[in-house]
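# Structural characterization, general
As a plain string of letters, each chain reads:
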Amino acid sequence: MCSRGRQAVTEFRQLDLLEDLKRTPPVKKAEATRNVLDLGNEALFAPPCAGGSRLEGRLHYAEKLLAAMGGSPAGWEYTGVVTDAGKAGSKCACEHPIRFEYHWKHTDGRTLITGSVCVEALPGIGEGIVLRMREDLERLNCERKEAARKAKLASEEKTVMECRDRILDRLKERFPRGHRLHHEEVSGWLGADDYGARETYRYWLGLVRASLRLKTPRGQVARLRGIAESLERVDGA
Ligand SMILES: [Zn+2]
């Protein structure tokens, strides 16, 4: 092992990562795909050649990263920006496939994109930076989950509105007189037939409105579908 490799091992021990490695069994590929979002780049990490140990893998890539940095991490600063390359993935400066890209900048203006795993084994990298990178990944994951939750909610609400509009159209078709009387300004008393037609329309409208007050979009859609089915079973007027 070259002197740089030995130095890397020393740093490695300081960070207690070697102990971590011994405790964690290697991640299988299928599992890695499933876990990649929560584990970050760790899940994609593998030794450079079959049969190599994970420690050897880390040192191999740490050395390649060090070379990409021009031989030393001095002058390089992690900018605090981490981006998600998505399923297509990206590549660390050490050439290892990654999903989450950590952006680095040198005082002379050069820039680099790295993963997180090889950086942890890089000589001269403090624990503070490693922790910051992990925190930034966690924050990115929180933001991603929040965005996914909002998108799901918006799509559910859209389904509710489509369901509601279909029923309202159908109500108008089935009870045209009631619909007209409900929307018209009616002066004076209505005859019994008109009154009945308007109240029938309003009864169904009331059911639709009540279903929209249910707590979840899912419940709302289920109730609206039930109403639509019942609506087909009654006589129109
Ligand atoms: Zn790397």
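Shown above is the structure to which this text applies.
Everything numeric in this text was worked out from a predicted model, so none of it was measured.

### Here's the deal with the environment of Ala-210
With respect to the secondary-structure elements, Ala-210 resides in helix H8 (residues 192-211). Classification of Ala-210 by C-beta neighbours within 10 Å gives exposed; the count is 11. Put simply, Ala-210 and Leu-224 are 14 residues apart on the chain and 9.6 Å apart in space, counted from C-alpha to C-alpha.

### Thoughts on the environment of Ser-116
Following the sequence through the fold, Ser-116 ends up in the loop between strand E5 (111-114) and helix H5 (117-120). A count of 23 C-beta atoms within 10 Å places Ser-116 in the buried class. Each C-alpha atom, one on Ser-116 and one on Glu-101, is 8.2 Å from the other, the two residues being 15 residues apart in sequence.

### Considerations on the environment of Arg-218
Within the secondary structure, Arg-218 is located in helix H9 (residues 217-233). Placed 59 residues apart in sequence, Arg-218 and Thr-159 show a C-alpha to C-alpha distance of 9.2 Å.

### Regarding the packing of H8 against H9
Contact pair H8 / H9: the axes reach a minimum separation of 9 Å and the direction vectors enclose 165°. Considering the angle they form, H8 stands roughly antiparallel to H9. Between H8 and H9 the crossing geometry is right-handed. Contacts between H8 and H9 involve Trp-204, Leu-207, Val-208 and Ser-211 from the first element and Gln-220, Arg-223, Leu-224, Ile-227 and Leu-231 from the second. The residue makeup of the contact of H8 with H9, split by class, is 6 nonpolar, 2 polar and 1 charged.

### Considering the sheet that holds strand E1 (residues 76-84)
The strand order E1-E4-E5 describes an open sheet built from 3 strands, whose pairing is antiparallel. Every other strand in the sheet has two partners, leaving E1 and E5 as the edge strands with one partner each. Going from strand to strand, the sheet's axes swing by 25° on average, the running direction of each strand aside. Two strands pair when backbone bridges link them, and strand E4 (residues 100-106) and E5 are joined in this way by 4 bridges, in the antiparallel orientation. Bridged to Tyr-102 within E5 is Thr-114. In the packing of helix H6 (residues 127-174) onto the sheet, contacts are made with E1 and E4, and the angle to E1 comes to roughly 20°.

Calculation notes
- Residues numbered from 1 in each chain as written.
- Predicted model: local features only at pLDDT ≥ 70, side-chain atom pairs only at ≥ 80, totals over all residues.
- Helix = DSSP H or I, 4+ residues; strand = E, 2+ residues; numbered from the N terminus.
- Buried ≥ 20, exposed ≤ 12 C-beta atoms within 10 Å, placed from the backbone.
- Axes fitted to C-alpha atoms, helices over the stretch in contact; angles between N-to-C directions.
- Parallel < 35°, antiparallel > 145°, perpendicular 65-115°, else oblique.
- Left-handed = near helix turned anticlockwise from the far one by under 90°.
- Contact = placed C-beta atoms within 7 Å.
- Nonpolar A, V, L, I, M, F, W, Y, C, P; charged D, E, K, R; others polar.
- Pairing = 2+ DSSP bridges.

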